[in-house]
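# Report on the structure
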Amino acid sequence: MKKHLLSAGDLTRDDAIRVLDTAQELLGVAQRPIKKLPTLRGRTVVNLFFEDSTRTRISFEAAAKRLSADVINFSAKGSSVSKGESLKDTAMTLQAMGADAVVIRHHASGAPHRLATAGWTNGAVVNAGDGTHEHPTQALLDAFTMRSHLGTDGGVGQDLAGKNVTIVGDVLHSRVARSNALLLHTLGANVTLVAPPTLLPVGVDAWPVETSYNLDDSLEKADAVMMLRVQRERMNASYFPSAREYSRRYGLDTARMNRLPEHAIVMHPGPMNRGMEIGADVADSGRSVIVEQVTNGVAVRMAVLYLLVGGATNDEGEA
Ligand code: NCD
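Remember, predicted model here, so these are calculated numbers, not experimental data.

In terms of helices and strands, the chain carries eleven helices and nine strands. Taken against the 2.2 N^0.38 rule, which gives 20 Å for 319 residues, the C-alpha radius of gyration of the chain at 19 Å falls within 12% of a compact globule. Taken along its principal axes, the extent of the C-alpha atoms in the chain is 55 × 45 × 35 Å. Taken over 319 residues, the chain has a buried fraction of 56%. Here the chain displays about 13500 Å² of accessible surface, and carbon together with sulfur accounts for 49% of that area.

Put into structure tokens, the structure is as follows:
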């Protein structure tokens, strides 16, 4: 593994399988009465959140704590960032406190990369979502969830070769879609992105995926369908005529869900716009693995922190 996890593209197939297999072992910890391992005792993990987040922030915090690390939670709101302090000065302050890992979410695409390469911290940098760019741990937890449902015997040691994954909706603003496309490709899956033309990014032809404007066409062969949130906070123009029209063409309702193969799973990274990209009854149905994705997120982030900080030696021979 590389020292940092900035992009899902940083992971080779073997790296990714290693994270997923480690997460599988760690998942058991959450089922114990005492949910803690001593692995990262004495290490410090800083969660640096410049953008709102519920599940990702809590998930990283739970993951670090379950490994017995000291956790410092920083959120831009209520900090000196609101007084205009830069990422550099914030990072250097944290460095002065000694961080072995910095988990960063930032509204600017590329901020984690800058943090990792500018020498502002000695710790391992984990990208927890940067702008519309990437969200590699989300892609890992999604792959973990797919593997546990679509693989044999929980999928340990396996990739997702030949599985058909359909990712639907606001691809343009979605770091989840980009990281998933990269990781799923590395793991051998076939990815189809379905979106209105206005919500597909320029340059999507260079991604290792197929694209389609028609959701109904790809339902029958899908092993997993991942619905994306319509990210209104990143939209400053009108990308579709109306919410109703969007939902009619790109929403997953019960009728569409019933056309999926028997074994297919329905996913969403959260937070959901119920009634918009996904019907409330679909989100709560037996095919939905949305709550499981959240549970798996903690195990996957434990695995990432363990492999980056836990003394495992990386390719460059650095601890
Ligand atoms: C996603 C994110 O923040 O990129 N959510 C998450 O991390 N669980 C997707 C989204 O906000 O729609």
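One can read the domain layout of the chain as domain 1 (8–135 + 295–309) and domain 2 (136–293). For domain 1 and domain 2, the distance between their C-alpha centroids amounts to 24 Å. With both sides pooled, the region where domain 1 packs onto domain 2 buries about 2700 Å², and carbon together with sulfur makes up 59% of that total. It is Leu 20, His 135 and Asn 296 in domain 1 that bury the most area against domain 2; as a group they hold 24% of the surface buried on that side. In this assembly, domain 1 and domain 2 are joined by four salt bridges.

In this section: the site of the ligand. In the region of the ligand, the neighbouring residues are Arg 55, Thr 56, Arg 105, His 135, Gln 138, Arg 175, Val 176, Arg 229, Gln 231, Pro 269, Gly 270 and Pro 271. Gly 270 is positioned with one of its backbone polar atoms (N or O) 2.9 Å from a nitrogen atom of the ligand. Of all the secondary-structure elements, those providing two or more residues to the shell around the ligand are helix H2 (55–66) and helix H6 (175–186). Considering only residue class, the shell around the ligand consists of three nonpolar, five polar and four charged. Two domains each provide a minimum of three residues to the shell around the ligand, namely domain 1 (8–135 + 295–309) and domain 2 (136–293).

The biggest cluster of nonpolar side chains holds 91 residues, and the ones touching the most others in it are Leu 140, Met 146, Ile 167, Leu 183, Leu 193 and Leu 305. With eleven residues, the top contributor of residues to this core is helix H11 (residues 290–309). Lining this core are residues from two domains, each supplying at least three of them: domain 1 (8–135 + 295–309) and domain 2 (136–293). Phe 50, Leu 87, Ile 104 and Trp 120 belong to the second-largest nonpolar core, a separate cluster that totals 17 residues.

Under the definition given, this model contains three aromatic pairs. Between Phe 50 and Phe 74, the aromatic rings sit 5.7 Å apart at their centres with planes inclined by 55 degrees, giving tilted as the arrangement. Taken as a pair, Phe 50 in the loop between strand S1 (44–49) and H2 and Phe 74 in strand S2 (residues 70–75) lie far apart in primary sequence, 24 residues in all. Here the aromatic rings of Phe 240 and Tyr 246 are separated by 4.8 Å at their centres, their planes lie at 40 degrees, and the arrangement is tilted. Residue Phe 240 shares its accessibility class with Tyr 246, and that shared class is buried. In textbook terms, an aromatic cluster arises when at least three aromatic residues are bridged by ring pairs, as seen for Phe 240, Tyr 246 and Tyr 250.

For the rest of this paragraph, the subject is the sheet that holds strand S8 (residues 224–227). The strand order across the open sheet formed by five strands is S7-S6-S5-S8-S9, and the pairing between neighbours is parallel. Here the strands that pair on one side only, and so sit at the sheet edges, are strand S7 (210–212) and strand S9 (265–267). Each adjacent strand pair in this sheet contributes to an overall mean axis angle of 20 degrees, direction not counted. With four bridges joining them, strand S5 (residues 164–168) and S8 adopt parallel strand pairing. Looking across to S8, one finds that Ile 167 is bridged to Met 226.

All right, on to helix H8 (residues 243–250) then. Among all positions of H8, only Tyr 246, Ser 247 and Tyr 250 are buried. Along the axis of H8, the buried positions cluster into a sector of 100 degrees, meaning they face one direction only. Residues Arg 244 and Arg 248 are exposed on H8 and point more than 90 degrees away from its buried face. As for H8, its buried residues are in contact with S5, strand S6 (190–194), helix H7 (215–219), S8 and helix H9 (254–257).

Here the focus is the sheet that holds S1. Reading across from one edge, S2-S1-S3-S4 is the order of the four strands in this open sheet, with parallel pairing throughout. Lying at the two open borders of the sheet, with one neighbouring strand each, are S2 and strand S4 (124–130). Taken pair by pair, the neighbouring strands of this sheet meet at an average axis angle of 15 degrees, ignoring direction. In this sheet, strand S3 (residues 101–106) lies alongside S1 in parallel orientation, the contact comprising five bridges. Within S3, the residue paired with Asn 47 across the bridge is Val 103. This element, H2, spans S1, S2, S3 and S4 of the sheet and lies at about 175 degrees to S1.

Before going further, it helps to spend a moment on the pairing of S8. Of the two faces of S8, the one lined by Ala 224 and Met 226 and the one lined by Val 225 and Met 227 are each fully buried. Pairing of S8 with S9, which is carried by three bridges, proceeds in the parallel orientation. In the strand pairing of S9, Val 225 is matched with Val 266.

The rules behind the values
Residues numbered from 1 in each chain as written. Predicted model: local features only at pLDDT ≥ 70, side-chain atom pairs only at ≥ 80, totals over all residues. Heavy atoms only, no water. Helix = DSSP H or I, 4+ residues; strand = E, 2+ residues; numbered from the N terminus. Rg over C-alpha atoms; globule rule 2.2 N^0.38 Å. Buried < 20%, exposed > 50% of the residue type's maximum accessible area, 1.4 Å probe, protein only. Areas by Shrake-Rupley, 256 points an atom, 1.4 Å probe, with all protein chains shown as cover. Domains from an automatic or database assignment. Buried area = accessible area lost by both parts, 1.4 Å probe. Salt bridge = Lys/Arg side-chain N within 4 Å of Asp/Glu carboxyl O. Near = heavy atom within 4 Å. Polar contact = N/O pair within 3.5 Å; in protein donor to acceptor, adjacent residues only side chain to side chain. Nonpolar A, V, L, I, M, F, W, Y, C, P; charged D, E, K, R; others polar. Core = buried A, V, L, I, M, F, W, Y, C linked by side-chain atoms within 4.5 Å. Phe/Tyr/Trp six-rings, centres within 6.5 Å; stacked < 30°, edge-to-face > 60°. Pairing = 2+ DSSP bridges. Axes fitted to C-alpha atoms, helices over the stretch in contact; angles between N-to-C directions. Arc of directions from axis to C-beta. Contact = heavy atoms within 4.5 Å.

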